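# Structural description and commentary
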Amino acid sequence: MNVIPAPFTLDWPSVVQALQPSLAGTEVYLVGGAVRDMLLRRPLHDIDLVTPVDGRKVARRIADAFGGAFFPLDPERGVGRALIDHDGPRYTVDVAQYRGETLPDDLAARDFTLNAIAVPLSGDLQSLIDPLGGLADIRDKKIRRCTPESIRSDPIRALRGLRQSVTLRFVVEPATRNDMRQYGPGLTQTSPERVRDEFMTLLGGPRP
C-alpha cells in the first residue's frame, strides 16, 4: 500500500488518541468521513474504523475500554457500534470488517474518492493511505466515484453525492454526474428506510 504523509498536521481530537491503547495489537484504520473532515479542517463527530477481523469484537473492546454501550449492527458483514463519552461529547464509533480481502479492496468499494482515504490507527496519525486519489480530489474540490460500479451498485449514493456536493461546495465531476442521472432511478428499488434516512439528512443540511 502506498502510504503518504498528510499535507499538513492533522489535529485529531483527543478521543482518537484515546482509542489507540484499547486497540493495541489489532490492525485498524480510520476511514471515511472522519479522515475527510480532518483534511477539510471540519469538526469530527462520528468515527468509522475498518479492520480485517470481525468489527463487532473490536467495537465491543472499545465500548468496554470507555465504559460505553455496544451494539451489533450487521452480523453478516461483521459491523459493530460503540457509543462512548470522552471529555464531554458522545461519539459513535462504527467498526466494520473489510469489504473484500484487503484494505484497498475496502476503499475501492466505497462511494466517492474523498471518502476512500485511510489512516493507520497504530501509527502517528499523520500518514494517509490513498489508492484512489481522494486527496487530490479534495484539493480540487471534486466529487468523484471510486469505480464505475459505485453508484450502479448502490443508487442511494446518488443522493449522498449531491448532499456532499452542496455541503462541501464541491463539484460533481462529469462521469459521476452521468452515473447519478443514469442509476439514480434505482432508488425505487432501495429500501425505503435508507432513502428516508438519506433524504432527511439532505433536508437537514445547507441549501436543502
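Scroll up for the structure.
Residues numbered from 1 in each chain as written. Predicted model: local features only at pLDDT ≥ 70, side-chain atom pairs only at ≥ 80, totals over all residues. Heavy atoms only, no water.

Further remarks concern the overall build of the chain. From N to C terminus, the chain includes 8 helices and 10 strands. Taken against the 2.2 N^0.38 rule, which gives 17 Å for 208 residues, the C-alpha radius of gyration of the chain at 17 Å falls within 12% of a compact globule. Across its three principal directions, the C-alpha atoms of the chain cover 45 × 35 × 35 Å. When the 208 residues of the chain are sorted by exposure, 46% land in the buried category. In the chain, of all internal contacts separated by at least 6 residues, the share reaching a separation of at least 24 is 65%. By element, 51% of the accessible surface of the chain is carried by carbon and sulfur atoms, the whole surface being about 10,400 Å². Seen as two clouds, the 27 positive and the 27 negative side-chain charges of the chain have centres 5 Å apart. (Helix = DSSP H or I, 4+ residues; strand = E, 2+ residues; numbered from the N terminus. Rg over C-alpha atoms; globule rule 2.2 N^0.38 Å. Buried < 20%, exposed > 50% of the residue type's maximum accessible area, 1.4 Å probe, protein only. Contact = heavy atoms within 4.5 Å. Areas by Shrake-Rupley, 256 points an atom, 1.4 Å probe, with all protein chains shown as cover. Lys, Arg positive; Asp, Glu negative; His and termini not counted. Charge placed at Lys NZ, Arg CZ, Asp CG, Glu CD.)

This next bit is on the sheet that holds strand 5 (residues 79-85). The strand order across the open sheet built from 6 strands is 4-5-6-3-2-7, with neighbouring strands paired in mixed fashion. The open sheet terminates on both sides in strands that have one partner only, identified here as strand 4 (69-74) and strand 7 (119-120). Relative to strand 6 (residues 90-97), strand 3 (residues 47-51) runs parallel, the two sharing 5 bridges. Among the inter-strand pairings, Val 50 is bridged to a residue of strand 6, identified as Ala 96. Its contacts with the sheet put helix 3 (residues 55-66) on strand 3, strand 4, strand 5 and strand 6, and the angle it makes with strand 5 is roughly 10°. (Pairing = 2+ DSSP bridges. Axes fitted to C-alpha atoms, helices over the stretch in contact; angles between N-to-C directions.)

Core analysis: the biggest nonpolar cluster contains 43 residues, and Trp 12, Leu 30, Ile 47, Leu 49, Ile 62, Leu 121 and Leu 128 have the highest contact counts within it. Excluding its chain neighbours within four sequence positions, the residues that come into contact with Ile 62 are Leu 19, Ser 22, Leu 23, Leu 49, Ala 82, Ile 84, Val 93 and Val 95. Leu 103, Leu 107, Ala 116 and Cys 146 belong to the second-largest nonpolar core, a separate cluster that totals 10 residues. (Core = buried A, V, L, I, M, F, W, Y, C linked by side-chain atoms within 4.5 Å.)

Right, let's talk about helix 3 for a bit. When the terminal C-alpha atoms of helix 3 are compared, their 17 Å separation across 12 residues agrees well with the 16 Å that a helix rising 1.5 Å per residue should span. Considered for burial, the residues of helix 3 that qualify are Gly 55, Val 58, Ala 59, Ile 62 and Ala 63. One side of helix 3 holds all its buried residues, which, seen down the axis, span an arc of 140°. Exposed and facing more than 90 degrees away from the buried side of helix 3 are Lys 57, Asp 64 and Ala 65. Turning to helix 3, the residues buried within the fold contact helix 1 (14-22), strand 3, strand 4, strand 5 and strand 6. (Expected span 1.5 Å × (residues − 1). Arc of directions from axis to C-beta.)

Further remarks concern unusual backbone geometry. Of note in the backbone geometry, Arg 41 takes a positive phi value of approximately 60° without being a glycine. By secondary structure assignment, the location of Arg 41 is in the loop between helix 2 (33-39) and strand 3. Looking at Arg 41, the relative accessible area reads 62%, which means it is exposed. The residue Lys 141 is not glycine, and still its phi comes out positive at about 55°. Examined against the element boundaries, Lys 141 turns out to sit in the loop between helix 5 (134-139) and strand 9 (142-143).

Secondary-structure assignment places Glu 101 in the loop between strand 6 and helix 4 (103-108). Given a relative accessible area of 70%, Glu 101 falls into the exposed group. Sequence spacing of Glu 101 and Ala 34 is 67 residues, and the spatial spacing of their C-alpha atoms is 22 Å.

Here we come to the packing of aromatic side chains. All chains considered together, the criterion is met by 0 aromatic pairs. The ring of Phe 8 carries the charged tip of Arg 41 above its face, separated from the ring centre by 3.7 Å. (Phe/Tyr/Trp six-rings, centres within 6.5 Å; stacked < 30°, edge-to-face > 60°. Lys NZ or Arg CZ within 6 Å of the ring centre and 35° of its normal.)

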